[in-house]
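# Structural overview
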Amino acid sequence: MGKRVLFLIGFMGAGKTSIGEVLAKKMGFFFIDSDKYVEKKEKMSIIKIFKIHGEEYFRKLEKKAINEICDQLNEPAVVSLGAGAVSDRDTVNSMKRIGHIIHIDADFDTLYARLTHTHDRPLAINKSKRCLERLYYERKGDYETIADYTYQNLSESVEETTQKIYNEMRCDDERI
Ligand code: S3P
């Protein structure tokens with residue numbers, strides 16, 4: 001049997017959580033979102049964790065959360081990750097051991113348009129377009145190197161993008 005965990009990575013606003021939820025339902029897999037996992041454990045929102053403890057502290061919680069998720073998974077699952085989670089090498093190696101990594105991408109302008117309405121992403125609030133664009137391109141190379149598959153989530157609906165991923169994953173059962 002192949003690896004029955006699908007990790008969704010990609011920039012903020014790419015649609016990892018929305019796609020992850022729908023994909024998990026279609027596949028009959030369990031769904032976990034790393035940010036929600038952290039918030040539940042800490043009983044605090046991500047925005048508040050950043051405000052009170054700072055980014056470095058959040059990264060430690062995030063790394064611990066993903067390690068716990070990887071260790072505890074005993075059923076097929078789709079796991080959506082926060083956009084900065086894969087900057088940690090150990091985390092990526094843990095994910096590679098047990099699952100496939102799927103990069104959800106879109107062109108920067110599309111992502112930026114989605115992020116202008118954001119109120120709960122500390123790294124996107126009050127950031128200039130240029131600053132976010134720099135971060136996008138800084139991370140893009142890593143996402144591409146790490147990912148086993150990349151999908152564009154552009155103007156299509158979440159349902160369409162998810163269906164595309166589902167079809168390709170299911171058509172070769174060895175993948176999952
Ligand atoms: C972050 C992205 C967020 C969340 C946190 C940090 C980042 O997740 O983990 O605010 O480093 O870009 P989303 O990618 O779900 O927005």
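What you see is a predicted model, and the numbers here were worked out from it, not measured in a lab. (Residues numbered from 1 in each chain as written. Predicted model: local features only at pLDDT ≥ 70, side-chain atom pairs only at ≥ 80, totals over all residues. Heavy atoms only, no water.)

Alternating residues of strand β5 (residues 149-152) divide into Y149 and Y151, all buried, and T150 and Q152, none buried. Sheet topology places strand β4 (residues 100-105) next to β5; four bridges connect them, and they run parallel. The residue of β5 that forms the bridge with I102 is Y149. (Buried < 20%, exposed > 50% of the residue type's maximum accessible area, 1.4 Å probe, protein only. Helix = DSSP H or I, 4+ residues; strand = E, 2+ residues; numbered from the N terminus. Pairing = 2+ DSSP bridges.)

Next up on the list: the pairing of β4. Of all six residues making up β4, six are buried, and the element is well covered by its neighbours. The alternating pattern of β4 places H100, I102 and I104 and I101, H103 and D105 on opposite faces, both of which are buried. With four bridges joining them, strand β1 (residues 5-9) and β4 adopt parallel strand pairing. In the strand pairing of β4, L8 is matched with I102.

Before going further, it helps to spend a moment on the sheet that holds β5. Reading across from one edge, β2-β3-β1-β4-β5 is the order of the five strands in this open sheet, with parallel pairing throughout. Looking along the sheet, the strands with just one partner apiece sit at the ends: β2 (30-33) and β5. Strand after strand, the sheet turns through a mean of 20 degrees between neighbouring axes, direction not considered. With four bridges connecting them, β1 and strand β3 (residues 77-80) associate as parallel partners. Residue pairing in the sheet places L6 in a bridge with V78 of β3. (Axes fitted to C-alpha atoms, helices over the stretch in contact; angles between N-to-C directions.)

This brings us to the packing of helix α2 (residues 34-42) against helix α4 (residues 55-72). Between α2 and α4, whose axes approach to 9 Å, the crossing angle comes to 105 degrees. Judged by the inter-axis angle, α2 sits roughly perpendicular to α4. Between α2 and α4, the residues in contact are S34, D35, Y37, V38, K41 and E42 and Y57, F58, L61, E62, K64, A65, I66, E68, I69 and Q72, respectively. (Parallel < 35°, antiparallel > 145°, perpendicular 65-115°, else oblique. Contact = heavy atoms within 4.5 Å.)

Let us now look at the layout of surface pockets. Looking at the largest pocket, its volume works out to about 550 Å³. Lining the largest pocket are 24 residues; nearest its centre among them are M12, D35, G82, D120 and R121. Going through the elements one at a time, α1 (16-27), α2, α3 (46-53) and α4 are the ones with two or more residues in the lining of the largest pocket. Here the residues of the lining of the largest pocket sort into eight nonpolar, six polar and ten charged. As for the second largest pocket, its lining consists of F30, F31, I32, D33, K36, Y37, K40, I69, Q72, L73, N74 and E75. (1 Å grid on protein atoms, 1.4 Å probe; cavity = no way out; pocket = protein on both sides within 12 Å on 5 of 7 lines; lining within 4 Å. Points joined across faces, edges and corners; volume = space filled by probe spheres on them. Nonpolar A, V, L, I, M, F, W, Y, C, P; charged D, E, K, R; others polar.)

As a structural note, the neighbourhood of the ligand is formed by 14 residues, with K16, D35, R59, R121 and R139 the closest of them. In this structure, an oxygen atom belonging to the ligand sits 2.9 Å away from a main-chain N or O atom of A83. Interatomic distance of 2.6 Å between a side-chain N/O atom of R121 and an oxygen atom of the ligand. Protein contact buries 95% of the 390 Å² of open area that the ligand shows by itself. Among the detected pockets, the ligand sits in the largest pocket. With three residues, α4 is the largest single contributor of residues to the shell around the ligand. Tallied by class, residues from the shell around the ligand come to six nonpolar, two polar and six charged. (Near = heavy atom within 4 Å. Polar contact = N/O pair within 3.5 Å; in protein donor to acceptor, adjacent residues only side chain to side chain. Areas by Shrake-Rupley, 256 points an atom, 1.4 Å probe, with all protein chains shown as cover. Sits in = over half its atoms within 2 Å of the grid points.)

Taken by themselves, the reported measurements are silent on function.
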